[in-house]
Amino acid sequence: MTALGPAGEAVARAYPNIALVKYWGKRDENLILPVAGSISITLDRFATVTRVRPVPGLTADQFHLNGSTMTGEPAMRVSRFLDLVRYSCGRTDCAQVESVNGGPTAAGLASSASGFAALTVAAAAAYGLDATARTLSRLARRGSGSACRSIFGGFVEWHAGGGMGTAGDIASFAEPIPAALDIAVVIAVADSNRKAVSSRRAMRHTAATSPYFTAWRDTATADLAPLRTAVRLGDLDRAGEIAEANMLAMHAAILAARPAIRYLSPVSLLVLDRIRELREQGTSVYATADAGPNVAALCAPDDAGAVAAALEMVPGVRTVHTSGVGPGATALDPHFIDLPDERGTR
Ligand code: PMV
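Scoring rules and cut-offs
- Residues numbered from 1 in each chain as written.
- Predicted model: local features only at pLDDT ≥ 70, side-chain atom pairs only at ≥ 80, totals over all residues.
- Heavy atoms only, no water.
- Salt bridge = Lys/Arg side-chain N within 4 Å of Asp/Glu carboxyl O.
- Helix = DSSP H or I, 4+ residues; strand = E, 2+ residues; numbered from the N terminus.
- Buried < 20%, exposed > 50% of the residue type's maximum accessible area, 1.4 Å probe, protein only.
- Pairing = 2+ DSSP bridges.
- Axes fitted to C-alpha atoms, helices over the stretch in contact; angles between N-to-C directions.
- Contact = heavy atoms within 4.5 Å.
- Phe/Tyr/Trp six-rings, centres within 6.5 Å; stacked < 30°, edge-to-face > 60°.
- Lys NZ or Arg CZ within 6 Å of the ring centre and 35° of its normal.
- Parallel < 35°, antiparallel > 145°, perpendicular 65-115°, else oblique.
- Left-handed = near helix turned anticlockwise from the far one by under 90°.
- Nonpolar A, V, L, I, M, F, W, Y, C, P; charged D, E, K, R; others polar.

Draft legend 1. Structural view of the pattern of salt bridges. Within the structure shown, the criterion is met by 19 salt bridges. The shortest N-O distance in the salt bridge between glutamate 9 and arginine 51 comes to 2.3 Å. In this pair, glutamate 9 sits in the segment before strand E1 (10–14) while arginine 51 sits in strand E6 (residues 48–54), placing the two residues 42 residues apart along the sequence. Judged by its relative accessible area of 7%, glutamate 9 is buried. The salt bridge involving arginine 51 is made with glutamate 98; its shortest N-O contact spans 3.8 Å. Separated by 47 residues along the polypeptide, arginine 51 in strand E6 and glutamate 98 in strand E9 (residues 95–101) bring together distant segments of the chain.

Draft legend 2. Representation of the sheet that holds strand E13 (residues 285–288) within the structure. Strands sit in the order E13-E14-E12-E15 across an open sheet of four strands; the sheet is antiparallel. Strand pairing shows two members of the sheet lacking a second neighbour, E13 and strand E15 (319–323), which therefore form its edges. Taking each pair of neighbouring strands and ignoring which way they run, the sheet shows an average axis angle of 25°. Note that strand E12 (residues 184–189) and E15 share five bridges and pair antiparallel. Among the inter-strand pairings, valine 185 is bridged to a residue of E15, identified as serine 323. Sitting on the sheet, helix H8 (residues 236–255) touches E13 and strand E14 (295–299), and the angle it makes with E13 is about 30°. Strands in contact with helix H10 (residues 304–312) are E12, E13, E14 and E15; relative to E12, the strand with the most contacts, it is inclined by about 10°.

Draft legend 3. Spotlight on the packing of aromatic side chains. As enumerated under the stated definition, the model contains three aromatic pairs in all. On the numbers, 6.3 Å between centres and 80° between planes, the contact of tryptophan 24 with tyrosine 263 is edge-to-face. Taken together, the residues span a long stretch of sequence, with tryptophan 24 in the loop between strand E2 (17–21) and strand E3 (26–28) and tyrosine 263 in the loop between H8 and helix H9 (266–280) at a distance of 239 residues. We note arginine 45 situated over the ring of phenylalanine 46; from NZ or CZ to the ring centre the distance is 5.4 Å.

Draft legend 4. Quick look at the packing of helix H1 (residues 72–89) against helix H2 (residues 111–127). The N-to-C vectors of H1 and H2 enclose an angle of 40°; their axes lie 10 Å apart at closest approach. Put simply, H1 runs oblique to H2. Where H1 crosses over H2, the two elements pack in a sense that is right-handed. Contacts between H1 and H2 involve Arg77, Val78, Phe81, Leu82, Val85, Arg86 and Cys89 from the first element and Phe116, Leu119, Thr120, Ala123, Ala124 and Tyr127 from the second. Its residues assigned to classes, the contact of H1 with H2 comprises ten nonpolar, one polar and two charged.

Draft legend 5. Spatial organisation of the pairing of E6. Within E6, six of the seven residues are buried, leaving the element largely enclosed by the surrounding structure. Of the strand pairs in this sheet, E1 and E6 are connected by five bridges, and their pairing is antiparallel. Bridged to alanine 14 within E6 is threonine 48. Pairing between E6 and E9: seven bridges, direction antiparallel. What sits directly across from arginine 51, in E9, is glutamate 98.

These figures come from the coordinates and say nothing about function on their own.
So this is what it looks like as structure tokens:
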């Protein structure tokens, strides 16, 4: 899984994932232990490619995203994550990190999942951490919860795991689940700008103030077994029904927080209506949406063209992208990968 370049630098690619049973709420903020399990599909579009280059004598980590030098919270999150990797393998040297996102950053298209999954694999390779896929998944979880699922391709379940502290940390990882579901994900982008409230903050706020938070946690837990079965049997209608209901329950809990947080926009609601109409006209298509206004339609690959054409016509939809089921995070040969430079021109 590892490929090392000159001076121990490494490059990795990972794809975002979209959850059918969502992760929303932590029981431990520091270890990122969720209140419930979740199940996702890894996409085959919008990859993040990340290069990590440890530099002897460098006194602080440097982070470039899409050709821009990052400071503040995004840079600190990367640096704190690298500290975990360095701590695990007894290294202290800081690194230069360059990352390029193939999709809109922080707009509800799970760029944090692909970002931290790619960073995990590249940093582990660059620092010489000998880790199993499960350990990489647990490590990615510490960067951004949903990133633990992007370590794997296909359909992936993140186990909440029991307990707190080290026991919880060891038990909470993602792994692929058996799947016979042929599915396409058609994403209607309503807004590709950075979202106003980060999922991290909104999750904490929902858990602290929403009267529906416990009901949400119980709903998510109860949705796991039937969704797992529907995925294993290839039952698109059952999987779609569970995913759409689960997404609406998550947004209901977020809306009920005080003060309310609302991620779905008027355009999102028009897309949800259009998806329901297509279903009434006989197409098996279902909606999901993460912490942002963009809506993803789940349908059979043969229907993806017609669904995409219908969603493109919804007023306010900017772009529509069709994705299949994608692979897990992998190391790439650093000699053949050319990331853009600071000006994004290379
Ligand atoms: O991993 P985070 O902190 O970006 O949270 C992701 C939360 C959702 O995307 C809304 C749901 C999920 O399971 O991916």
